[in-house]
Structure formats: structure tokens, C-alpha cells
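# Fold and contact review
Okay, here's what each chain looks like letter by letter:
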Amino acid sequence: MSAHGSMLELKGISKSYMRGKERHLVLNDISLTVGAGEFVSLIGPSGSGKSTLFRMIGGVEKPDQGRVLFDGEDRTGQKGLISYMPQQAALFPWLKVEDNIRFALVSTGTLKREAKAQAAQWLERIQLGHVAKEYPHVLSGGMQQRVSFLRALLMQRDVMCLDEPFAALDALTRADMQRWLLELWEADRRSVLFVTHSIEEALVLSDRIYVLSPAPATVLRELVVPFDRPRRADVWTSPEFVELKREVLRLLEEGHSGTV
Ligand SMILES: Nc1ncnc2c1ncn2[C@@H]1O[C@H](COP(=O)(O)OP(=O)(O)OP(=O)(O)O)[C@@H](O)[C@H]1O
């Protein structure tokens, strides 16, 4: 770990794209941190540049300005340091569920003969042992996202980046997934950067939240979420929760800047 304890640190990231003959600023001087074993959410209006930011973190593109540090080291533009979970489960359709998991394990250094047993154990642990030999298309959307999350978890990278992973699910499945994720993550704390449009989801899951402005995205505010862990599934009923939700909503609506 770095001296100040950040697994991921973004320092003054700016990025613009050409649209026709005009240059459009998308990210404007974004700085944020994710500590080791910390769950951090990014919340912002649609089109504010959250996916663009993930591309900078993943090293797929380089920022115009600023640096991406992992564990205190400058790794700007370097790939292979994060595991990534997109909105739609990106499982290999030609591989059975268990082989999708085995692939993730083997690709990050687990021996082939151990990967088979580990994949089976993990699928049992997340109550998906019965679909281990199925192909992904047979699974419901929620099940596919469970497998997709497990795959990201087992990649053993420094930081897990989850890009609106539950956006395509119906409300009930989504609430189930949040409880499920919370339980799994609290048992095996990893550094997570989570993008969501849902204020409730960010408040239920996170240790801290960064609220982004509309494009060009800047950090409007950083909020510490004060609820104890393990977090109770009914935390959303507390007055403090309602107050924080109102606060984030106000920030998003007004685009106000300030500090807490
Ligand atoms: N390669 C590119 N070339 C030109 N413009 C781009 C490129 N990538 C992103 N943009 C622009 O940057 C802006 C932010 O896009 P981005 O997808 O990062 O937003 P977002 O916050 O993830 O959106 P949403 O919440 O809707 O998923 C958009 O206006 C988009 O058109």
C-alpha cells in the first residue's frame, strides 16, 4: 500500500474529445481516491463522463492531463490492473458457467487443476452450483450478473470497477443483488469503484460517494457514508439515510459545489 493508503488515486484527470471541429471537455480536473478494501461510488447525471473515467483508469485511453496511481505508483495508460464489470454481463457465451469462472481464475495465475475445484466451490457459495454446467444464455439477467460479479471478484486485481452493474435489472432483482453483493463484499473486502445512477444504491453499498457535475464532469462533493458494517439491509429506513439522500439529490439537481 502507498504511504497514504490509497489503492487507486486519480490526480487532476482531464479529457476532451473532438466533435466535428470543436473540442469538447468531458472530464475536468477529476481527483479521487479508493482506499484498500474501500467501497466508493461515483454518482452523476447521464453523460457526465463516468464511463470515460473508467477507460482512463483501465488504461484503455490516456487522459490529456493528470495521473492514475495504483498503490502510490504512476500507472497512467497501463492495462491489466483492474477487473471490470459492465452493465450487461459480459460472459463468454461459448463457455459453460463453470468454465467462465475457471477462465478468470487461470488468467490471473491459478493452476488449471486447482481452478476447476475452486470454480465449483465458488458457484456453490453463491448458490449457483446447479447451473455450473449450463451456458450463460440459459440464466436469468440477475444470475448472469452474479456470475459476472464473481468473475470480476476472482480476477484478483487491485481494484474492481463496476459500471452500473444492476441498471438493466428489475427493481426486486436489483434489491436482491444489492443484499447479495453487500454480503459477499463484506466477507471479502476489495477495493471497489462503483458507478450508479441510484442514490439509494450508492448509500446502501458505499463507504464514500463522489457526486459528479454534468459534463464537463467535476467532483461536486465527496460524502462519507456513516452507517456501520456489516450494513443492515433496512438501513434505508433510517432518518439519517433519508437526509443524505436528500443532500445528494439537491447536489445533483442544482449542480452546486462545496465541501461537507
Ligand atoms: N471516444 C469519444 N469520442 C467523442 N466523444 C466521446 C467519446 N467518448 C465519450 N464521449 C462523449 O463524452 C461524454 C461522456 O460520455 P460517457 O459515456 O463517459 O458518460 P457516462 O457518464 O458514462 O454516461 P451514462 O451515465 O449515460 O452511461 C458524452 O457526451 C460522449 O458523447
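Every value quoted in this text rests on a predicted model; they were computed, and no experiment measured them.

Rules and cut-offs
Residues numbered from 1 in each chain as written. Predicted model: local features only at pLDDT ≥ 70, side-chain atom pairs only at ≥ 80, totals over all residues. Pairing = 2+ DSSP bridges. Helix = DSSP H or I, 4+ residues; strand = E, 2+ residues; numbered from the N terminus. Axes fitted to C-alpha atoms, helices over the stretch in contact; angles between N-to-C directions. Contact = placed C-beta atoms within 7 Å. Near = placed C-beta within 6 Å. Nonpolar A, V, L, I, M, F, W, Y, C, P; charged D, E, K, R; others polar. Core = buried A, V, L, I, M, F, W, Y, C linked by C-beta atoms within 7 Å. Buried ≥ 20, exposed ≤ 12 C-beta atoms within 10 Å, placed from the backbone. UniProt positions renumbered as here; feature names shortened; annotations may be inferred.

### Quick notes on the sheet that holds strand S6 (residues 82-85)
One open sheet accounts for six strands, arranged S6-S7-S8-S3-S9-S10; its pairing is mixed. The sheet is open, and its two borders are formed by S6 and strand S10 (219-224), each paired with just one other strand. This sheet shows a mean twist of 15° between the axes of neighbouring strands, independent of strand direction. In this sheet, strand S8 (residues 191-196) lies alongside strand S3 (residues 39-43) in parallel orientation, the contact comprising five bridges. Among the inter-strand pairings, Ile-43 is bridged to a residue of S8, identified as Thr-196. Those strands touched by helix H1 (residues 50-57) are S3, S6, strand S7 (159-163), S8 and strand S9 (208-212), and its axis lies near 155° from that of S7.

### Examining unusual backbone geometry
Trans is the common state for peptide bonds, and a negative phi is the common state for residues other than glycine. Following Ala-215, the chain continues into Pro-216 via a peptide bond in cis, with omega recorded as -5°. Position of Pro-216 relative to the elements: it lies in the loop between S9 and S10. Residue Pro-230 is bonded to the preceding Arg-229 through a cis peptide linkage, with omega at -5°. Among the secondary structure elements, Pro-230 is positioned in the loop between S10 and helix H7 (239-254).

### Overview of the environment of Leu-244
Structurally, Leu-244 can be placed in helix H7. Residues Leu-244 and Ile-209, spaced 35 residues apart in sequence, show a C-alpha to C-alpha distance of 11 Å. Dropping the residues within four chain positions of it, Leu-244 is found in contact with Leu-203 and Leu-223.

### A closer look at the site of the ligand
Close contacts around the ligand come from Tyr-17, Arg-19, Val-26, Ser-46, Gly-47, Ser-48, Gly-49, Lys-50, Ser-51, Thr-52 and Ala-215, and that covers them all. Only strand S1 (6-19) and H1 provide two or more residues apiece to the shell around the ligand. When residues in the shell around the ligand are grouped by element, the largest group, three residues, is from H1. When grouped by side-chain class, the residues that make up the shell around the ligand number three nonpolar, six polar and two charged.

### Section: the nonpolar core
Within the largest apolar cluster, 63 residues are counted, with the highest numbers of intra-cluster contacts made by Ile-101, Leu-193 and Val-211. Looking at this core, the element that brings in the most residues is helix H4 (residues 141-154), giving six residues. Excluding residues within four positions of it along the chain, Ile-101 makes contact with Ala-119, Trp-122, Leu-123, Leu-150, Arg-151 and Leu-154.

### Some thoughts on the UniProt feature "domain: ABC transporter" (unreviewed entry) in the chain
Sites flagged by UniProt as "domain: ABC transporter" (unreviewed entry) map to residues 8-239. Between the first and last C-alpha atoms of residues 8-239 the distance is 32 Å; the span itself is 31% helix and 28% strand.

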